[in-house]
Amino acid sequence: MVFGRAFPWVASIIITLLLIGYVVAVHLLRVSEVVMPSPLTVRVVNKTVYLPLPGRITNISVEEALLWRRSIREYTDRPLTVVQLSMLLWAAYGVNDVRWGFKTTPSAGATYPLEIYVVIGERGVALNETHYLEAGVYKYDPYTHSLKPVKLGDVRKELQEAALGQEWVGKAPVSIVIAAVFERTTRIYGERGRLRYVPMEVGHAGQNIYLMATALELGTVVVGAFYDDQVSSVISLQPNEVPLYIVPVGVPKTPYRISFSDIARFIESKRG
Ligand SMILES: Cc1cc2nc3c(=O)[nH]c(=O)nc-3n(C[C@H](O)[C@H](O)[C@H](O)COP(=O)(O)O)c2cc1C
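Residues numbered from 1 in each chain as written. Predicted model: local features only at pLDDT ≥ 70, side-chain atom pairs only at ≥ 80, totals over all residues.

### Here's the deal with the overall build of the chain
Each helix and strand in the chain was counted, giving 8 helices and 10 strands. Since a compact globule built from 272 residues should have a radius of gyration of about 19 Å, the 23 Å found for the chain marks it as more spread out than a globular shape. Seen through its C-alpha atoms, the chain measures out along the principal axes to roughly 90 × 55 × 40 Å. For the chain, buried positions account for 36% of its 272 residues. (Helix = DSSP H or I, 4+ residues; strand = E, 2+ residues; numbered from the N terminus. Rg over C-alpha atoms; globule rule 2.2 N^0.38 Å. Buried ≥ 20, exposed ≤ 12 C-beta atoms within 10 Å, placed from the backbone.)

So this is what it looks like as structure tokens:
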């Protein structure tokens, strides 16, 4: 009889506990989805750097990455981690298809005219607490997700001079340089490839870097103002490769943050 009267209370406690259990389980499942590529999986063989494999390493949504994307030109002295570098390069031009080797960036007729270089400064990319990648210019191979050395040594100051002295190019621990081999696309699409498709594609790759950098809580800016010949010489581009973007990346001094409510208020105020 006593239990009969208490039954609604017992039932409501059980239901509450079940609900709490459900919420905790959903949260734990979300967290366990985050796959951390282990920094230990980096391998350096004859100065070729086999990067940690790409994986889901952030919980920032695409909406938040778009909301918080900003050009950031001031960085702390902290290095990037090799996992962050791996994710930035995969976002820029990594493989996301195992049948044809298609990439994270769309390409007219899958001609893939872009080549991705990385300028790494002294202590610019940390392998762990005490070890860093050797400073130098490296070329990214999307298929093996590796970096092949082009020349060793810190060339950031020379790259900054080639970029009309822009300080963020000299100070960022890493700059990604995107170059294009126009003939791969113009062979099929002629002038339209030169004027439209290749420039569009570098824009796609640049935006991918912006969004991945934002998700990794890094800061970046695309730089288009530079002397082509000087950049080509500083990073030893091939004669058929034209530099299109320098993309310095670092840990931001001040990350950019805004809320959707701020944006809603702004939009409402414009509506009147
Ligand atoms: C094609 C292009 C070239 C750019 N070149 C430079 C550059 O040389 N130096 C620089 O500091 N920012 C450069 N920017 C970044 C713009 O200044 C920046 O996107 C703009 O001020 C808007 O700011 P936001 O990116 O934070 O929205 C460039 C952007 C684009 C799209």
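### So, the site of the ligand
Surveying the vicinity of the ligand reveals the residues R70, S71, R73, Q166, V221, V222, V223, G224 and A225. Of the residues in the shell around the ligand, the class split is 4 nonpolar, 3 polar and 2 charged. (Near = placed C-beta within 6 Å. Nonpolar A, V, L, I, M, F, W, Y, C, P; charged D, E, K, R; others polar.)

### Quick notes on helix 6 (residues 183–215)
The terminal C-alpha atoms of helix 6 lie 34 Å apart, and with 33 residues this falls more than 12% below the ideal 48 Å at 1.5 Å per residue. For helix 6, the principal kink sits at Y189 and spans about 140°. At the exit of helix 6 stands E217, carrying a positive phi of roughly 60°. (Expected span 1.5 Å × (residues − 1). Bend = angle between axes of the 7 residues up to and from the residue.)

### Focus on the pairing of strand 6 (residues 136–141)
Counting buried residues along strand 6, 5 of its 6 residues qualify, which places the element largely inside the surrounding structure. Relative to strand 6, strand 4 (residues 114–120) runs antiparallel, the two being bridged by 4 bridges. From the neighbouring strand, Y117 faces strand 6, where its bridge partner is K139. When strand 6 meets strand 7 (residues 146–152), the two strands line up antiparallel, connected through 6 bridges. Counterpart to Y140 in the pairing with strand 7 is L147. Turn length for the strand 6-strand 7 hairpin, with the two strands adjacent in sequence and antiparallel, is 4 residues, and the turn residue H145 shows positive phi of about 45°. (Pairing = 2+ DSSP bridges.)

### With respect to the nonpolar core
In terms of nonpolar packing, the biggest core is built from 67 residues, with L88, V119, V174, I176, I178, I209 and I246 touching the most fellow members. Looking at this core element by element, the count peaks at 10 residues for helix 3 (residues 82–93). With residues near it in sequence (within four places) discarded, L88 still touches I176, I209, M212, A213 and V249. (Core = buried A, V, L, I, M, F, W, Y, C linked by C-beta atoms within 7 Å. Contact = placed C-beta atoms within 7 Å.)

### Examining the pairing of strand 7
As judged from the 2 bridges shared by strand 2 (residues 48–50) and strand 7, these two strands associate in the antiparallel manner. Residue V49 lies in a different strand from strand 7, and its bridge partner there is L147.

Honestly, it's all geometry; don't read function into it.
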